[in-house]
Amino acid sequence: MRFNIVILALSLLLLLGGCAMQPYGNFIQNPSLVTSKAMADEVTAQIVRLYPAANTQFNLRHTVNDPFGHALIENLRLEGFAVQERINSDNSLFVSKILMGGSLPDIAINHEADGVTQPTGLALSYILDQSGDLYHVNITIDDTRLSRAFVAQADSVHPAGLWVRKE
């Protein structure tokens, strides 16, 4: 009996730990390129309103492997933002890609007292989910959270409300 409780507790901890490891990304089943691009365009427009492009670098907290993430990164770079991507699933390495009509010198690095280096800039992550014809986009930039709902109509998606900003 005691052995079963220990096994159950360990299983529960492993399950919860797996959920906590990757809380970001796109959780939409079979996302379309058109829908992803339309939502990424809206997110980019809101970020442009809030942050100065030439002076802002975004560091992704998670790897990007979905159409929305790729469209968002491309849009941000086209607007003049520096975007630093994660290149592996354990988030230990970064790759710096800056597309602003040429290359810039290495991105400045903050050196922590414990020897871990962290890139300068703002941490960026996103969560996309869906409930029926309603999509929800949640963007986190450092301590600021931007949220907006979108509704799918035919082969397109349209905002279903205003942006909500929580700091």
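Just so you know, these numbers come straight off a predicted model, no measurement behind them.

Caption draft 1: Highlighting the overall build of the protein. Assigned secondary structure in the protein consists of three helices and eleven strands. In the protein, the succession of helices and strands from N to C terminus is α-β-α-β-α-β-β-β-β-β-β-β-β-β. Taking all 167 residues of the protein together, 34% fall into the buried category. A separation threshold of at least 6 residues defines the contact pool for the protein, and within that pool the share at least 24 residues apart is 53%.

Caption draft 2: Here's a closer look at the pairing of strand E9 (residues 144-153). As defined by bridge partners, strand E8 (residues 134-141) adjoins E9 across eight bridges and the pair is classed as antiparallel. If you follow asparagine 138 over to E9, its bridge partner there is serine 147. Sheet topology places E9 next to strand E11 (residues 164-166); three bridges connect them, and they run antiparallel. Bridge pairing in E11 places serine 147 opposite valine 164.

Caption draft 3: Molecular detail of helix H3 (residues 67-78). Taking 1.5 Å of rise per residue, twelve residues should cover 16 Å, and H3 covers 16 Å from first to last C-alpha, within 8% of that figure. Residues of H3 that are buried: Phe68, Gly69, Ala71, Leu72, Ile73, Asn75, Leu76 and Arg77. One side-chain oxygen of the residue at the start of H3 lies 3.2 Å from the amide nitrogen of phenylalanine 68, identifying that residue as aspartate 66.

Caption draft 4: Highlighting the packing of aromatic side chains. All chains considered together, the criterion is met by three aromatic pairs. Between phenylalanine 58 and phenylalanine 81, the aromatic rings sit 5.2 Å apart at their centres with planes inclined by 45°, giving tilted as the arrangement. In this pair, phenylalanine 58 sits in strand E2 (residues 57-60) while phenylalanine 81 sits in the loop between H3 and strand E3 (82-86), placing the two residues 23 residues apart along the sequence. On the basis of relative accessibility, which here comes to 0%, the residue phenylalanine 58 falls in the buried class. Judged by its relative accessible area of 0%, phenylalanine 81 is buried. When the centroid spacing of 5.0 Å and the interplanar angle of 70° are considered together, the rings of phenylalanine 68 and tyrosine 126 count as edge-to-face. Here phenylalanine 68 is found in helix H3, whereas its partner tyrosine 126 is found in strand E7 (residues 122-131), with 58 residues between them in sequence. Taking the relative accessible area as the measure of exposure, phenylalanine 68 reaches 0% and is therefore buried. Judged by its relative accessible area of 2%, tyrosine 126 is buried. Three or more aromatic residues joined by ring pairs form one cluster here, namely Tyr51, Phe58 and Phe81.

Analysis parameters
- Residues numbered from 1 in each chain as written.
- Predicted model: local features only at pLDDT ≥ 70, side-chain atom pairs only at ≥ 80, totals over all residues.
- Heavy atoms only, no water.
- Helix = DSSP H or I, 4+ residues; strand = E, 2+ residues; numbered from the N terminus.
- Buried < 20%, exposed > 50% of the residue type's maximum accessible area, 1.4 Å probe, protein only.
- Contact = heavy atoms within 4.5 Å.
- Pairing = 2+ DSSP bridges.
- Expected span 1.5 Å × (residues − 1).
- Polar contact = N/O pair within 3.5 Å; in protein donor to acceptor, adjacent residues only side chain to side chain.
- Phe/Tyr/Trp six-rings, centres within 6.5 Å; stacked < 30°, edge-to-face > 60°.

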